[in-house]
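Here are the chains, one letter per residue:
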Amino acid sequence: MKRSEYILEQVESKDIFSHYLKPYHNFATLQQGKNISNPFLSQPQKTPSFNIFQDKSTNVWRYKDFATDDQGNCFELVMKLFDLNFMEALERIETDFNLESRLTLVNNKSQYRLTEKNTIETSSFWKQYDIKSHILKKYNVVELKNYRALSRTGKSYKVEAKDDNPIFCYKEKEWSKIYKPYDGKYKFQHLGNKPADYIFGYKQLPDQDEILFITGGEKDVLTLVSQNFNAISLNSETATLQPEIAKELKQRFTKIIVLYDNDDTGLKQSDILSNTHGFYRMVLPQLIDNGKDISDFIKQKRTLSEFQDILINTLSQVLPEPTISDNETQEQEERVVYNAIELMAMDNIEPKYLMHPIFPQKGSAVLAGKPDTGKGQFARQLCIEVALGKTSFLNFDLAPRHNKSIYVAT
């Protein structure tokens, strides 16, 4: 099976279109026939003419712009959108959708094996970014001699490190991410089952602090932390941050700054993330030799003082108002269970009750009393009243939503 066919077995091509075209539309998901501005043009179209459609003869989703005649499949879209060749586009999709690569199909840790290199000093690769050895240890980053895994057909294979092609690994309990920085074909590879909502650096964060950076990748996190900043990265720059995580981070950190790559994708996605959650957005200056991120900034010997000046200018800007969808707003309004950090940070909230003011609509309540005082009869009758959809019980207001009850006697 071809690598592209394997990808389309794991994720529908329409979802690939919707994911990468998200900066160019305001729909929950991109729909057939809904015209948007052509993403390949430097300026938005006055009359949008770009859309996706399902080819009736093949059932494959494609894109077409009837004004410019741009057209192609989801792989061609990623190639053109990010200026990649075909193999690079496949790798980009596998990474962004957390798919197993063509070379590896593993279901648990027992199906791969890592052989670590006995490294006393920090590798020269990390030194160029001023990444310290104790930071690598803290984030469980190791250098490998080799690793073994299983191919899609179940055949075991082994990959050896070379002097000009070292292998690093971000190790987790149930999975690992292989990083071969000088490998033009397979720079990244996931072994094991990586969670779709994983956030690198999240568990190393302090309980509270002033500044937190959300950056584009693991290496950028390590670079910032080595410069004494707090930092995390999502699965990719095109990944979304869950509203509840964003809210928690706001309660723990006074200022949250999005610092993505200084390229088209990074600039667009940082703008989206910043406006969605009301974060600061930091943009690095143009760097030589196609440098585009904070790691390149440090590698090129730009000073921390210069970075601090950019940071001060960023924090002087007015924060955008966060945009939250109706569904997310409704979920937040209906919540009646909060953690301690959230409770300390919020004002008083009027909870919604099933039986006012005793039983909440969501959560738990305890009916306690001495034996033979009628607790069981009370509970059974309450269940009956709720199931009947009554609006009062014993002169207490009832607000049943589903008219269903379960009474369990142990």
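Note that the structure is predicted; figures quoted are calculated from it, not measured. (Residues numbered from 1 in each chain as written. Predicted model: local features only at pLDDT ≥ 70, side-chain atom pairs only at ≥ 80, totals over all residues. Heavy atoms only, no water.)

### Description of the sheet that holds strand β1 (residues 50–54)
Phase 1 of the analysis: Spatial strand order, β1-β2-β3: three strands in an open sheet with antiparallel pairing. Two strands in the sheet have a free side with no partner beyond their single neighbour: β1 and β3 (71–73). Adjacent strand axes in the sheet meet at a mean angle of 25 degrees, parallel and antiparallel pairs treated alike.
Phase 2 of the analysis: Note that β1 and strand β2 (residues 61–65) share five bridges and pair antiparallel. Bridge pairing links I52 to Y63 in β2.
Phase 3 of the analysis: Contacts between helix α2 (residues 13–20) and the sheet are confined to β1, β2 and β3, with β2 contributing the most and set at about 45 degrees to the helix. (Pairing = 2+ DSSP bridges. Helix = DSSP H or I, 4+ residues; strand = E, 2+ residues; numbered from the N terminus. Axes fitted to C-alpha atoms, helices over the stretch in contact; angles between N-to-C directions. Contact = heavy atoms within 4.5 Å.)

### Some words on the pattern of salt bridges
Phase 1 of the analysis: Within this structure, the stated rule accounts for 15 salt bridges.
Phase 2 of the analysis: The salt bridge involving E172 is made with K203; its shortest N-O contact spans 3.1 Å. Residue E172 is located in the loop between β7 (167–171) and β8 (175–179), and its partner K203 is located in the loop between β9 (188–192) and β10 (209–215); the two are separated by 31 residues in the primary sequence.
Phase 3 of the analysis: According to the relative accessible area criterion, E172 is buried, its value standing at 14%.
Phase 4 of the analysis: Relative accessible area serves as the criterion here: at 61%, K203 is assigned to the exposed category.
Phase 5 of the analysis: A salt bridge links D263 to K292; the shortest N-O distance between them is 3.5 Å. Pair noted here: D263 is in the loop between β12 (253–259) and α9 (264–277) and K292 is in the loop between β13 (280–281) and α10 (294–299), with a separation of 29 residues, a long-range link.
Phase 6 of the analysis: Take D263: its relative accessible area is 23%, and that puts it in the partly exposed class. (Salt bridge = Lys/Arg side-chain N within 4 Å of Asp/Glu carboxyl O. Buried < 20%, exposed > 50% of the residue type's maximum accessible area, 1.4 Å probe, protein only.)

### Structural notes on the sheet that holds strand β11 (residues 230–233)
Phase 1 of the analysis: Judged by pairing direction, the sheet is parallel, and its four strands sit side by side in the order β11-β10-β12-β13 without closing on themselves. Edge positions in the open sheet fall to β11 and β13, since each of these has one partner strand only.
Phase 2 of the analysis: Relative to β12, β10 is paired through six bridges, and the arrangement is parallel. Within β12, the residue paired with T215 across the bridge is L259.
Phase 3 of the analysis: Against the sheet, helix α11 (residues 304–315) engages β10, β12 and β13, with an angle of about 110 degrees to β12.

### Here we look at unusual backbone geometry
The phi angle of most residues is negative, glycine excepted, and most peptide bonds adopt the trans form.
Phase 1 of the analysis: Cis geometry is adopted by the peptide bond preceding P357, which originates at H356 and carries an omega value of 0 degrees.
Phase 2 of the analysis: With respect to the helices and strands, the residue P357 is situated in the loop between β14 (353–355) and β15 (359–360).
Phase 3 of the analysis: Positive phi outside glycine occurs at D289, with the angle close to 55 degrees.
Phase 4 of the analysis: For D289, a relative accessible area of 70% translates into the label exposed.
Phase 5 of the analysis: The backbone phi angle of D372 is positive, close to 60 degrees, even though this residue is not glycine.
Phase 6 of the analysis: Within the secondary structure, D372 is located in the loop between β15 and α14 (375–387).
Phase 7 of the analysis: We classify D372 as exposed; its relative accessible area is 82%.

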